[in-house]
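Per-entry structural report
For reference, the chains in residue letters:
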Amino acid sequence: MRRCDVLVVGAGPAGSVLAAALCRARPELDVLVADRSVFPRDKPCGDGISPRAAVLLHGIGAGGVLDGYPPNAACRIVGPGGETVRSDGIPSRQWGVIAGHTIPRTVLDHRLLDFAIGAGAEFWPGARVTGTTLEPGWRTAIVREGARSVTVRARLLVGCDGAYSTVRRVLGAGKVPKATTSVAARAYLEWPTPDSGLRPIRFVFRPGFLPGYGWFFPISPTSANAGVGLSVARGRDLHQAVREFLAELAAADRTLDVPAHDLRAHLLPHDRPPLAFRRAALVGDAASMINPLSGEGIYYALRAGLMLTERLASVELADAGALREALRGYEQAFRARFAKHYRSSRVARRVVSHERLCRAAIAAAAADPRSTEDAVSLLFGDGATGTPGVARLLAGAARNAVRR
């Protein structure tokens, strides 16, 4: 039997940042982070850290996790007919023009876990939750560690265990519906840049993928992460789609002459499960905090972890009523914070499902600086894009579609 104040399941960005923030806000708390893996470990992903996520990491003192991976402000959003939106960064009053990074999750997640441990969290590797029950004043979790089973009694259980979340399942939140699930595959490739600089990030809405996309995220002047994201409902061969996209990249740039490697796939759930339960909560991919248009998820996971910490900052965890209100407040705050952004992204996803509208919308965004900002914010932003911005994009798309 083990006891703790907070059991965080999953040591990815969501779990590590939440644990670090809780330890800083409440040093008296015993925060235990459990993960089925031993770190460092790979996590199939586009490896992109959006500009807003980079700012957030710097803001909590974790900017050092990005060291060695240069910022990249240049972004290109490409339509099915080659229409291109060009952006050189998102303006910020505090930070100037901010940029994203591409950092392999093998590195990022390990550094963030070290950040959490340095803040006071305890890490339990090789541990996976298989069940949970409620007791008066406690949430009891059954944790498997190798061949043995351990009972952990925590005042609060937080599921940060990703798209295949066991915690979500055992809490009764249900499976992710196929209609609101995408799947992505990434590969690494060597692609030397002649001038030793970073190529722009590319986000490509390719014919045959819609509403899916291909991406090219430079890691360094000599390497990149590239892949595709597709709707599960399309039923396409994901690995074949990656090969097709890489062939197109190679045809456009003859410097790509090294085969891709480490091809792996992952789920991108974007439904809306409950976030708050009795003495439990979900954060990050476990809560389907994924942009339905771009597949971005790290920023929302980081922000949600901090929002949950804010709600727990002065709560006596043994007080069931106070904890219940704090968890409800967390869910309400997250929904309110990102409601317009997710709505806008869902509308845009429907638009780019149709090739003609997709081409027209990207052409409209490219022609209007305000719409350019809207397009970049929809894909990589922090929810600032609301109904007026989408209305401008749709109006421009309608005009362009009529002309076509």
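Residues numbered from 1 in each chain as written. Predicted model: local features only at pLDDT ≥ 70, side-chain atom pairs only at ≥ 80, totals over all residues. Heavy atoms only, no water.

1. A short note on helix 6 (residues 298-312)
For helix 6, built from 15 residues, the straight-helix expectation of 21 Å at 1.5 Å per residue is met to within 8% by its first-to-last C-alpha distance of 21 Å. Listing the buried residues of helix 6 in full gives I298, Y299, Y300, A301, L302, A304, G305, L306, M307, L308, T309 and L312. (Helix = DSSP H or I, 4+ residues; strand = E, 2+ residues; numbered from the N terminus. Expected span 1.5 Å × (residues − 1). Buried < 20%, exposed > 50% of the residue type's maximum accessible area, 1.4 Å probe, protein only.)

2. A short note on the layout of surface pockets
Here the second largest pocket is characterised by a volume of approximately 310 Å³. For the second largest pocket, the lining is made up of 19 residues, of which R202, V204, E248, L249 and A252 are closest to its centre. Of all the secondary-structure elements, those providing two or more residues to the lining of the second largest pocket are strand 4 (75-78), strand 14 (201-204) and helix 5 (238-252). Of the residues forming the lining of the second largest pocket, the biggest block, 4 residues, is contributed by helix 5. Partitioning the lining of the second largest pocket into residue classes produces 11 nonpolar, 2 polar and 6 charged. (1 Å grid on protein atoms, 1.4 Å probe; cavity = no way out; pocket = protein on both sides within 12 Å on 5 of 7 lines; lining within 4 Å. Points joined across faces, edges and corners; volume = space filled by probe spheres on them. Nonpolar A, V, L, I, M, F, W, Y, C, P; charged D, E, K, R; others polar.)

3. With respect to the side chain of N291
Relative to the elements of secondary structure, N291 occurs in the loop between strand 19 (280-282) and helix 6. A polar side-chain atom of N291 sits 2.7 Å from the main-chain amide nitrogen of L293. Of note is the side chain of N291, whose polar atom sits 3.2 Å from the backbone nitrogen of S294. With near-sequence residues (within four places) excluded, N291 lies in contact with E296, Y300, H341, Y342, S345, L378 and L379. (Polar contact = N/O pair within 3.5 Å; in protein donor to acceptor, adjacent residues only side chain to side chain. Contact = heavy atoms within 4.5 Å.)

4. Side note on helix 7 (residues 320-352)
For helix 7, with 33 residues, the first-to-last C-alpha span of 46 Å sits near the 48 Å given by 1.5 Å per residue. Along its length, helix 7 shows its largest kink, about 50 degrees, at F338. Between the side-chain oxygen at the start of helix 7 and the backbone nitrogen of G321 there is a gap of 3.1 Å, and the oxygen is on D319. (Bend = angle between axes of the 7 residues up to and from the residue.)

5. Comments concerning the environment of G10
Structurally, the position occupied by G10 is in the loop between strand 1 (2-9) and helix 1 (13-25). For G10, a relative accessible area of 4% corresponds to the buried category. Residues G10 and G162, spaced 152 residues apart in sequence, show a C-alpha to C-alpha distance of 7.3 Å. Ignoring any residue separated from it by four or fewer positions in sequence, one finds G10 in contact with G15, S16, V33, A34, D35, C160 and D161.

6. Quick notes on the pairing of strand 10 (residues 127-135)
When a strand is regular, its side chains alternate between the sheet's two faces. Bridge analysis of strand 10 against strand 11 (residues 138-145) gives 8 bridges, and the strand direction is antiparallel. Among the inter-strand pairings, T133 is bridged to a residue of strand 11, identified as T140. Counted along the chain from strand 10 to the antiparallel partner strand 11, the turn is 2 residues long, and its residue G137 has a positive phi close to 85 degrees. (Pairing = 2+ DSSP bridges.)

7. Details of the packing of helix 1 against helix 3 (residues 105-119)
Contact geometry of helix 1 with helix 3 gives a least axis separation of 8 Å together with a crossing angle of 20 degrees. For the element pair helix 1 / helix 3, the angle class is roughly parallel. Between helix 1 and helix 3 the crossing geometry is left-handed. When helix 1 is examined against helix 3, the residues P13, S16, V17, A19, A20, C23 and R24 are found in contact with a partner set consisting of R105, L108, D109, L112, L113, F115, A116 and A119. For the contact of helix 1 with helix 3, a count of residues per class yields 11 nonpolar, 1 polar and 3 charged. (Axes fitted to C-alpha atoms, helices over the stretch in contact; angles between N-to-C directions. Parallel < 35°, antiparallel > 145°, perpendicular 65-115°, else oblique. Left-handed = near helix turned anticlockwise from the far one by under 90°.)

8. Side note on the sheet that holds strand 13 (residues 181-190)
Pairing is mixed in the open sheet, where 7 strands are placed in the order 5-4-14-15-16-13-17. The open sheet is flanked by strand 5 (84-87) and strand 17 (261-269), the only strands paired with a single partner. Strand after strand, the sheet turns through a mean of 15 degrees between neighbouring axes, direction not considered. Where strand 13 lies against strand 17, 7 bridges are found, and the strand directions are antiparallel.

9. Describing the side chain of R41
Among the secondary structure elements, R41 is positioned in the loop between strand 2 (31-35) and strand 3 (48-49). Under the relative-accessibility criterion, R41 is labelled buried at 15%. A distance of 2.7 Å separates the side chain of R41 from the side chain of D109, its partner in a polar contact. What R41 contacts, discounting residues up to four positions off in sequence, is A11, G12, R105, T106 and D109.

10. A short note on the packing of aromatic side chains
Summed over the entire model, instances satisfying the criterion amount to 12 aromatic pairs. With 6.2 Å between their ring centres and 45 degrees between their planes, Y213 and W215 make a pair best called tilted. By the burial criterion, Y213 is buried, and W215 matches it. An angle of 45 degrees between the planes, with centres 4.9 Å apart, marks the rings of F334 and F338 as tilted. Taken together, the residues span about one helical turn, with F334 and F338 both in helix 7 at a distance of 4 residues. Residue class for F338 comes out buried when judged on its relative accessible area of 1%. Among the aromatic residues, those joined into a cluster by ring pairs are F203, F205, Y213, W215 and F217. For the cation-ring pair, R2 lies above W124, with the distance from its terminal atom to the ring centre recorded as 4.7 Å. Just above the ring of W138 sits the side chain of R155; from NZ or CZ to the centre is 3.7 Å. (Phe/Tyr/Trp six-rings, centres within 6.5 Å; stacked < 30°, edge-to-face > 60°. Lys NZ or Arg CZ within 6 Å of the ring centre and 35° of its normal.)

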